[in-house]
Amino acid sequence: QVQLVESGGGLVQPGGSLRLSCAASGSIFSSYTMGWYRQAPGKQRELVASITSGGSTSNYAGSVKGRFTISRDDAKNTVYLQMNSLKPEDTAVYYCYYRATRWYWGQGTQVTVSS
């Protein structure tokens, strides 16, 4: 079993920044992928960003490329999502995930971008 604990969501004005964190604990594999999905009201969950072991490969949704940066600290089994130049359309619940032999999900953290 793997447990994921997220933090860092909140309310921010358009153009502002937030940093999300997700710490994994439990039966952690040496090779795994972590990342973030988000789900806005009335919309499907979508992949925001992902990063592989050692940070060798990262992927981003087109809508966040150039504004969001995903990183990880393997020593802490933690992944971060730095979100800059936030827009109202970034408003959603953000879910961290861990994927090795199966998927695990965090509880979700609300990000609201509004003036």
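Summarised in this report is the structure supplied together with it. (Residues numbered from 1 in each chain as written. Predicted model: local features only at pLDDT ≥ 70, side-chain atom pairs only at ≥ 80, totals over all residues. Heavy atoms only, no water.)

## A word on the pairing of strand 8 (residues 78–83)
In terms of burial, strand 8 is largely enclosed, as five of its six residues are buried. Strand direction decides the pairing type here: strand 3 (residues 18–26) and strand 8, joined by six bridges, are antiparallel. Looking at the pairing, Ser21 lines up with Tyr80 of strand 8. Here strand 7 (residues 68–73) pairs with strand 8 via six bridges, running antiparallel. Along strand 8, the bridge assignment pairs Arg72 with Val79. Connecting strand 7 to the antiparallel partner strand 8 that follows it, the hairpin turn spans four residues, and Asn77 within it adopts a positive phi of roughly 50 degrees. (Buried < 20%, exposed > 50% of the residue type's maximum accessible area, 1.4 Å probe, protein only. Helix = DSSP H or I, 4+ residues; strand = E, 2+ residues; numbered from the N terminus. Pairing = 2+ DSSP bridges.)

## Points about the state of the cysteines
Disulfide: a covalent bond connecting the sulfur atoms of a pair of cysteines. One pass over the structure, following the stated rule, counts one disulfide. Linked covalently through their sulfurs, Cys22 and Cys96 form a disulfide whose S-S length is 2.0 Å. Sign of the S-S torsion, about -80 degrees for the bond between Cys22 and Cys96, identifies this disulfide as left-handed. Placement of Cys22 in strand 3 and of Cys96 in strand 9 (residues 92–99) is noted, with a sequence separation of 74 residues between them. The burial state of Cys22 is the same as that of Cys96; both residues are buried. (Disulfide = S-S within 2.5 Å.)

## Re the sheet that holds strand 8
The strand order across the open sheet formed by four strands is 1-3-8-7, and the pairing between neighbours is antiparallel. Across the chains shown, the open sheet's two edge strands, defined by having one partner strand only, are strand 1 (2–7) and strand 7. Neighbour to neighbour, the strand axes of the sheet diverge by 15 degrees on average, direction disregarded. (Axes fitted to C-alpha atoms, helices over the stretch in contact; angles between N-to-C directions.)

## A few points about the side chain of Arg72
By secondary structure assignment, the location of Arg72 is in strand 7. Here Arg72 falls in the buried class, since its relative accessible area comes to 14%. Within the structure, the side chain of Arg72 is placed 3.2 Å from the backbone oxygen of Tyr32, a separation counted as a polar contact. There is a polar contact of 2.9 Å between the side chain of Arg72 and the backbone oxygen of Thr52. (Polar contact = N/O pair within 3.5 Å; in protein donor to acceptor, adjacent residues only side chain to side chain.)

## Re the packing of aromatic side chains
Counted by the stated rule, this structure contains eight aromatic pairs. For the pair Tyr37 and Trp103, a centre-to-centre distance of 6.4 Å together with 70 degrees between the ring planes defines the contact as edge-to-face. Placement of the pair is Tyr37 in strand 4 (residues 33–39) and Trp103 in strand 10 (residues 103–105), with a sequence separation of 66 residues. In textbook terms, an aromatic cluster arises when at least three aromatic residues are bridged by ring pairs, as seen for Tyr37, Tyr97, Trp103 and Trp105. The ring centre of Trp105 lies 4.8 Å from the NZ or CZ of Arg45, which sits over that ring. Stacked on the ring of Tyr104, the Lys or Arg Arg102 has its end atom at 4.2 Å from the ring centre. (Phe/Tyr/Trp six-rings, centres within 6.5 Å; stacked < 30°, edge-to-face > 60°. Lys NZ or Arg CZ within 6 Å of the ring centre and 35° of its normal.)

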